[in-house]
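Per-entry structural report
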Amino acid sequence: MAKKMRDKDILKAIQRKSHQNKQAYLFLLPWLIGFIIFTIGPFFYTVYLSFYEVESTGLGWVTTFVGMDNYFMALFRNLYYLPALIDFIVLEITYVPAVVIASFIIGILLNRDIKFRSGFRTIFFLPVIVLSGSVMDKLIETGGTRLSDFSENIIFQMLMNYNRSAARGLLNLFENFTMVLWFTGIPVILFINGLQKINTQLYEAAKIDGATTWQILWKITVPIIKPTALIVAIFTIVQIGMYSINPIYEIIKAAMYNFGAGLGLASAYTWIYTLVVLFFVGIALLLLGTKEKAETVKLSSIQRLNFEQIKAKRDSVSKEVNNESN
Amino acid sequence: MKAIKRFLDKISNLYAKIKHNQRKIGRITTQVIIYALLITISYVFLFPLLSMISLSFMSPTDVINPEVDWIPAKLYFGNFGAAIRVLDLFKTLFNSIWFSGTLAIAQTIVSALTGYAFARYNFRFKRLLFALILVSFIVPVPIILIPRIMMIVSVQDATGMSLIGTVVPQLVMGLFGQGVNSAILILIFYNFFKMIPNVLFEAAKIDGANAYQQFWHITIRMSLSTIVVVFLFSFVWNWNETYVTEILVRNNVHLMPTQLGLFETLFFQRPVDIPGQDNTALLSEAYKMAATLLTMIPLFIIYFAAQKQFVEGIEKTGITGE
């Protein structure tokens with residue numbers, strides 16, 4: 001009898017579960033279809049297309065296999081693509097750390113108890129809302145983003161002799177520091193949010209143990225904020241590619257713009273570009289990814305230790321009390 | 001003996017006072033440093049915008065005059081007149097508003113549905129699909145755009161409708177949850193819906209509400225503020241999006257950012273006559289900056305009306321917490 005009941009219950013639970021599945025997927029359906037048709041499918045289809053020549057005829061699209069030709073074309077025969085790719089890599093290497101560090105510093109500054117905090121926050125978030133690609137272009141064109149000229153600086157001249165493209169990347173970074181700051185809009189909010197989640201008791205404990213502000217920053221804040229930094233880094237790596245300061249942007253757009261022919265080549269362009277982006281995402285994961293599980297285990301074991309000690313103490317005290325009463 | 005003790009006390013008192021003052025001074029200096037840093041950073045942030053505003057009020061003589069650096073000798077509004085005519089402002093503004101508005105409505109609806117599914121239900125492959133939402137954010141747009149173009153052209157050829165150059169392709173993407181920054185919008189909804197206590201749904205279920213009623217009467221009615229935030233974000237991002245728009249819409253629908261991008265060309269196509277000058281006015285930086293300022297004004301208005309909501313919206317994504 002009891003067993004029968006249990007079977008019935010399980011059956012009901014399964015039914016409810018599958019019912020829930022159905023409902024959930026009903027809500028999810030538009031996104032899921034879109035994701036398969038418009039995002040993940042095209043992603044792999046572009047990889048496939050990069051080995052083909054794509055032509056638009058009256059009867060539809062015609063693809064012919066050309067092997068690695070598109071890649072040879074992109075990397076060796078096109079005079080502009082490879083230099084632009086290198087410039088893009090330099091851009092990522094210089095901008096992403098700058099954005100992460102700058103937004104972390106701003107986040108720390110804004111996380112303090114200061115006056116006009118919301119005012120500063122409003123200013124720092126402004127670029128996220130008002131900045132479109134063409135607005136940025138216009139501001140760059142008129143030299144509005146250029147703070148000062150460092151090209152005559154002696155340190156820069158020394159670097160220039162040492163390594164040209166690295167020097168140019170750094171020069172670009174310093175001269176257009178405004179651009180770096182403009183990418184910090186969302187990262188700053190994320191960092192503030194992350195900083196506010198840190199338990200203040202940790203700071204107090206460290207202070208009682210005599211840690212300096214500097215030590216607290218490096219030993220407590222930085223390790224805890226690392227996951228946020230990872231998200232910020234990935235966000236920046238992707239976001240920088242979408243503006244015209246990315247040198248490849250124009251090349252890819254031009255290749256895509258006339259889609260009568262050359263979409264195969266455009267696929268090769270974008271696929272190489274995507275590989276570079278994903279490569280940087282991988283590096284960010286390597287540098288900033290944490291072994292979160294190990295840490296939580298450590299923390300909980302410390303807690304358990306504390307509990308055991310407290311329990312032992314309490315037991316001994318109660319024993320003493322008992323003895324006395326006896 | 002007593003005198004010595006009193007003396008020592010006095011010294012230690014003095015020492016404590018000095019120490020206290022030192023600490024006070026230290027605190028004040030850190031405050032000053034923080035403010036100095038913040039103000040410097042704000043200056044760097046705003047520098048291009050300030051120079052844009054100052055340039056856009058300069059008369060042609062002021063632009064050339066090396067003595068005029070920041071403040072124009074006389075407020076001059078001619079640049080705006082020229083920019084309005086070149087941009088064909090009122091029509092363009094209207095276009096941009098309905099264009100971004102339509103896309104934003106589509107995106108908001110689908111993000112709400114998707115976010116609700118993730119927040120409310122436990123279903124198979126939930127974690128995998130959630131990870132895929134985040135993945136969809138990392139994938140660079142150009143790589144998925146080529147097959148999308150091919151699809152659109154194929155549909156165009158098959159049905160004889162002209163889709164390239166209209167809002168339709170992007171609207172379809174939006175309706176299927178693949179618009180600009182859809183992942184962030186979904187995350188905002190997800191995190192808000194997760195906060196709604198489960199008790200409410202259980203009570204509704206006991207009263208016989210079906211899934212649709214639970215979604216509409218409880219969830220949506222409770223989250224009007226979140227809906228507004230998501231809509232505004234989507235509106236602004238669609239407004240600012242130029243990459244996909246330039247390829248799919250071309251210049252068929254005159255939109256603010258694309259018109260601004262074409263400003264130089266348009267300047268010579270749509271003749272401008274400035275009072276006090278020849279009919280062939282020269283293109284100056286001041287016109288460009290005035291046009292840039294004009295395209296930004298609607299966004300400024302939205303931002304200052306809802307700045308708190310914007311910042312909180314990003315905090316609500318909760319991507320830092322997981």
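Residues numbered from 1 in each chain as written. Chains lettered and ligands numbered in written order. Predicted model: local features only at pLDDT ≥ 70, side-chain atom pairs only at ≥ 80, totals over all residues.

Overview of the overall build of chain A
Put simply, the rule reads: Put simply, DSSP marks the helices as runs of H or I at least four residues long and the strands as runs of E at least two long, and each gets a number from the N terminus on. In this scheme the burial state of a residue depends on its C-beta neighbours within 10 Å: 20 or more other such atoms mean buried, 12 or fewer mean exposed, and anything in between means partly exposed; the C-beta positions come from the backbone. Whether two residues are in contact depends on their C-beta atoms, placed from the backbone: they are in contact if these lie within 7 Å.
The helix and strand tally for chain A stands at 14 helices and 2 strands. Among the 326 residues that make up chain A, the fraction classed as buried is 32%. Contacts in chain A between residues at least 24 apart in sequence constitute 76% of all its contacts with a sequence separation of at least 6.

Some details on the confidence of the model for chain A
All names here are of chain A. What counts, and what does not: Each residue carries a pLDDT score, the predictor's own confidence in it, on a scale running from 0 to 100.
Within chain A, residue pLDDT values average 80, and 82% of them lie at 70 or more. Taken element by element, chain A is modelled with least confidence in helix 14 (residues 292-325), mean pLDDT 63, and with most confidence in helix 3 (residues 81-110), mean pLDDT 90. Confidence over residues 293-299 falls short of pLDDT 50; this stretch has 0 contacts with residues more than four positions distant or in other chains.

Topic: the interface of chain B and chain A
Let me state the cut-off plainly: Here the nonpolar group is Ala, Val, Leu, Ile, Met, Phe, Trp, Tyr, Cys and Pro; Asp, Glu, Lys and Arg are the charged ones; every other residue, Gly included, is treated as polar.
Listed as interface residues are 73 residues of chain B and, on the opposing side, 77 residues of chain A. Split into classes, the residues belonging to the side of chain B that touches chain A amount to 50 nonpolar, 17 polar and 6 charged.

Side note on the pairing of strand 2 (residues 60-65) of chain A
Residues and elements named next belong to chain A. Spelled out, the test is: Strand pairing requires that DSSP identify at least two bridges connecting the strands.
Burial within strand 2 is sparse, with just 0 of its 6 residues counted as buried. When strand 1 (residues 52-57) meets strand 2, the two strands line up antiparallel, connected through 6 bridges. Looking at strand 2, one finds that Ser56 is bridged to Trp61.

Here we look at the packing of helix 2 (residues 69-77) of chain A against helix 13 (residues 263-288) of chain A
Residue and element names in this part refer to chain A. Worth spelling out the cut-off: Inter-axis angles, ranging from 0 to 180 degrees, are taken between N-to-C directions of lines fitted to C-alpha atoms, where helices are fitted over the stretch in contact. Oblique is the label for any angle not covered by the other classes, which are roughly parallel (under 35 degrees), roughly antiparallel (over 145) and roughly perpendicular (65 to 115). Less than a right angle of anticlockwise turn of the near helix away from the far helix marks a crossing as left-handed, whereas a clockwise turn marks it as right-handed.
Where helix 2 meets helix 13, the axes come as close as 9 Å, and the angle between the chain directions of the two elements is 65°. Classed by the angle they form, the pair helix 2 and helix 13 counts as roughly perpendicular. Of the two possible hands of crossing, helix 2 and helix 13 adopt the one that is right-handed. Side by side, helix 2 and helix 13 meet where Asn70, Tyr71, Met73 and Ala74 of the first sit next to Gly264, Leu265, Ala268, Tyr269 and Ile272 of the second. Residue composition of the contact of helix 2 with helix 13, grouped by class: 7 nonpolar, 2 polar and no charged.

Quick look at the nonpolar core
Note the following rule: The term nonpolar core refers to a set of buried Ala, Val, Leu, Ile, Met, Phe, Trp, Tyr and Cys residues connected through C-beta atoms within 7 Å. In this entry, domain limits derive from an automatic or database-based domain assignment.
The biggest cluster of nonpolar side chains holds 145 residues, and the ones touching the most others in it are A:Ile252, A:Tyr269, B:Phe189 and B:Ala291. There are two domains that each give this core at least three residues, and those are domain 1 (2-56) and domain 2 (78-316) of chain B. Among residues more than four places away in sequence, those in contact with B:Phe189 are B:Ser111, B:Ala112, B:Gly115, B:Tyr116, B:Thr226 and B:Val230.

Observations regarding unusual backbone geometry
For A:Phe116, which is not glycine, the phi dihedral falls at a positive 60°. Looking at the secondary structure, you find A:Phe116 in the loop between helix 3 and helix 4 (117-130). The exposure class of A:Phe116 is partly exposed, given the 13 C-beta atoms found within 10 Å. Despite not being glycine, B:Asn181 has its phi angle at roughly 50°, a positive value.

Things to note about the domain arrangement of chain B
The assigned domain composition of chain B is domain 1 (2-56) and domain 2 (78-316). A per-class count over the side of domain 1 of chain B that touches domain 2 of chain B returns 3 nonpolar, 1 polar and no charged.

Quick look at helix 5 (residues 133-141) of chain A
Among the residues of helix 5 of chain A, those classed as buried are A:Gly133, A:Ser134, A:Val135, A:Met136, A:Lys138 and A:Leu139. Packed against the buried residues of helix 5 of chain A are helix 4 of chain A together with helix 1 (2-56), helix 12 (243-248), helix 13 (256-261) and helix 15 (285-305) of chain B.

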